[in-house]
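So you can see what is in the structure, the chains are spelled out below.
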Amino acid sequence: MEYRFCRDADYPALRRLWGQCFGEEEPWTSWYFSHHYKAEHTWVGIKEGTVAAQAHLLPHRLYLRGAWRDAAYFVGVCVDEALRGSGYGRDIMSTALAELRRSGVNISILQPRWPEFYRPLGWDFCYSRRFYHLPLAVAEVLQETPPAFGLTWIADADEFGELAALYADFVKPRHGYVDRRPDDWRRMLADHRGDGGRVGLLLNRTQPVGYVLYKMADELLRVREMVWRDQTGLDSLWQLLLEQARNNGANRLEWEDPSEDSGAAQFAASHSEPFLMGRLTDCQAVLTAMDYPAGLKADLTVELVDPIAPWNNGRFRWQIGQGAGNWSAAESVGEPDLALNVALLSQLYFGQRPAKELLKVAEGLRAGERQRDLLAAIFPACRNFISEYF
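Residues numbered from 1 in each chain as written. Predicted model: local features only at pLDDT ≥ 70, side-chain atom pairs only at ≥ 80, totals over all residues. Heavy atoms only, no water.

Asker: Can you help me understand the overall build of the protein chain in this one?
Answerer: Across its full length, the protein chain holds 13 helices and 19 strands. Referenced to the eigenvectors of the C-alpha coordinate spread, the extents of the protein chain come out at roughly 70 × 55 × 35 Å. Every one of the 390 residues in the protein chain was classed for burial, and the buried ones make up 51%. When contacts within the protein chain are restricted to residue pairs at least 6 apart in sequence, long-range pairs at least 24 apart make up 73% of them. Surface exposure of the protein chain reaches about 17500 Å², of which carbon and sulfur atoms provide 49%. Charged side chains in the protein chain number 43 positive and 52 negative. The centres of these two groups are separated by 4 Å. (Helix = DSSP H or I, 4+ residues; strand = E, 2+ residues; numbered from the N terminus. Buried < 20%, exposed > 50% of the residue type's maximum accessible area, 1.4 Å probe, protein only. Contact = heavy atoms within 4.5 Å. Areas by Shrake-Rupley, 256 points an atom, 1.4 Å probe, with all protein chains shown as cover. Lys, Arg positive; Asp, Glu negative; His and termini not counted. Charge placed at Lys NZ, Arg CZ, Asp CG, Glu CD.)

Printed below as a string of structure tokens:
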């Protein structure tokens with residue numbers, strides 16, 4: 001099979017394969033291909049002159065470990081059903097990683113339909129969401145604080161400028177979030193509105209204090225994203241939103257909260273579930289570019305296992321000092337100081353779970369207590385946030 005970026009002539013076969021694997025859910029499928037699909041971001045496998053495998057590599061910038069990193073969001077990964085089980089799924093992912101590395105994109109994320117396919121290839125969960133499913137009446141009882149005086153509720157705001165300012169402040173203490181530029185906001189809100197969604201905005205006089213992307217249908221209030229400046233704003237946002245939902249006949253609430261912040265205290269009927277998987281494309285580039293804790297010093301050999309990216313696989317020397325690090329190839333002589341796989345290294349880097357917690361259950365890890373303490377110092381846990389679906 002030949003692997004390359006899609007061409008205009010491939011488009012009909014690309015759409016046929018998409019329909020075979022995912023169905024033609026309209027109007028969403030047409031919307032995706034008209035607003036998000038680009039041939040130059042779509043990696044395909046060509047067999048006998050037609051598209052037999054595909055992976056859409058949507059570009060994003062993620063804030064990770066103190067800096068913006070170029071990343072690719074894998075979407076629509078699939079192989080023709082007649083060819084499944086022949087290794088072409090593995091091949092499209094490995095060749096896509098090689099292309100991303102060539103273009104300097106060293107991070108990838110994806111929302112897995114089948115996690116068991118991606119885990120053996122080096123991806124693992126790096127983001128989670130808290131799910132809330134409860135009757136609206138229960139939510140109203142838990143939200144008894146009346147809205148603060150002087151607030152204005154706009155049930156469906158038109159502009160994204162206030163939303164962008166709120167989002168920028170909200171994510172500052174967080175990690176792993178997407179850099180939303182004006183075109184990103186336009187697409188995201190168009191996607192949301194195209195699905196029947198609304199944009200609620202809360203103002204304190206003229207200053208925005210919170211927003212919510214929500215939808216009401218079939219007696220259900222579904223919250224896609226909620227952002228707030230402070231607890232007073234959050235309480236008032238909920239009160240006004242629930243009041244509007246009740247007036248529109250809703251009787252149930254669903255919220256998938258990627259912040260996992262204060263909602264759990266307000267709505268006890270909730271549970272956390274994994275959301276997105278992440279992976280380092282080029283470990284040398286990532287570990288050399290990241291900032292390290294000041295005063296931390298280390299010089300160790302590392303055996304890294306990567307099943308589909310040979311440039312990451314093997315023995316390396318990891319030197320850390322003066323807030324910087326260097327990751328370079330080393331000879332495989334003697335036992336390494338540390339041995340791990342790329343999925344674990346990626347999870348440590350993303351930081352969604354504390355390092356000590358990850359290391360307790362890690363498969364294939366060989367590390368003494370000193371190395372475990374070092375990894376915990378290099379990769380402190382973070383408050384990850386992302387609500388993008390593609």
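The structure having been displayed, the exposition proceeds.
Asker: Help me understand the sheet that holds strand β5 (residues 107-110), please; the structure alone is not making it clear to me.
Answerer: Pairing between sheet strands relies on hydrogen bonds along the backbone, with the strands arranged either parallel or antiparallel. The strand order β1-β2-β3-β4-β5-β14-β6 describes an open sheet built from 7 strands, whose pairing is mixed. Across the chains shown, the open sheet's two edge strands, defined by having one partner strand only, are β1 (2-5) and β6 (124-125). When strand β3 (residues 50-64) meets strand β4 (residues 67-79), the two strands line up antiparallel, connected through 11 bridges. Note that in β4 the partner of A53 across the bridge is V79. Where helix α3 (residues 88-102) meets the sheet, it contacts β1, β2 (42-47), β3, β4, β5 and β14 (277-280), and its direction lies at approximately 155° from that of β4. (Pairing = 2+ DSSP bridges. Axes fitted to C-alpha atoms, helices over the stretch in contact; angles between N-to-C directions.)

Asker: How do you make sense of the sheet that holds strand β7 (residues 128-135) when you look at a structure like this?
Answerer: As summarised here, the arrangement of the 7 strands in space is β8-β9-β10-β11-β12-β7-β13, forming an open sheet in which the pairing is mixed. Both edges of this open sheet fall to β8 (151-154) and β13 (270-274), since each of them pairs with a single strand only. Between one strand axis and the next, the sheet turns by 25° as a mean value, whatever way the strands run. The pairing of β8 with strand β9 (residues 198-204) spans 4 bridges and is classified as antiparallel. Bridging from a neighbouring strand, L151 pairs with N204 of β9. Against the sheet, helix α6 (residues 161-171) contacts β9, β10 (207-217) and β11 (220-228), and its axis sits at roughly 105° relative to β10. On the sheet, helix α7 (residues 182-194) packs against β9, β10 and β11 and is oriented at approximately 35° with respect to β10.

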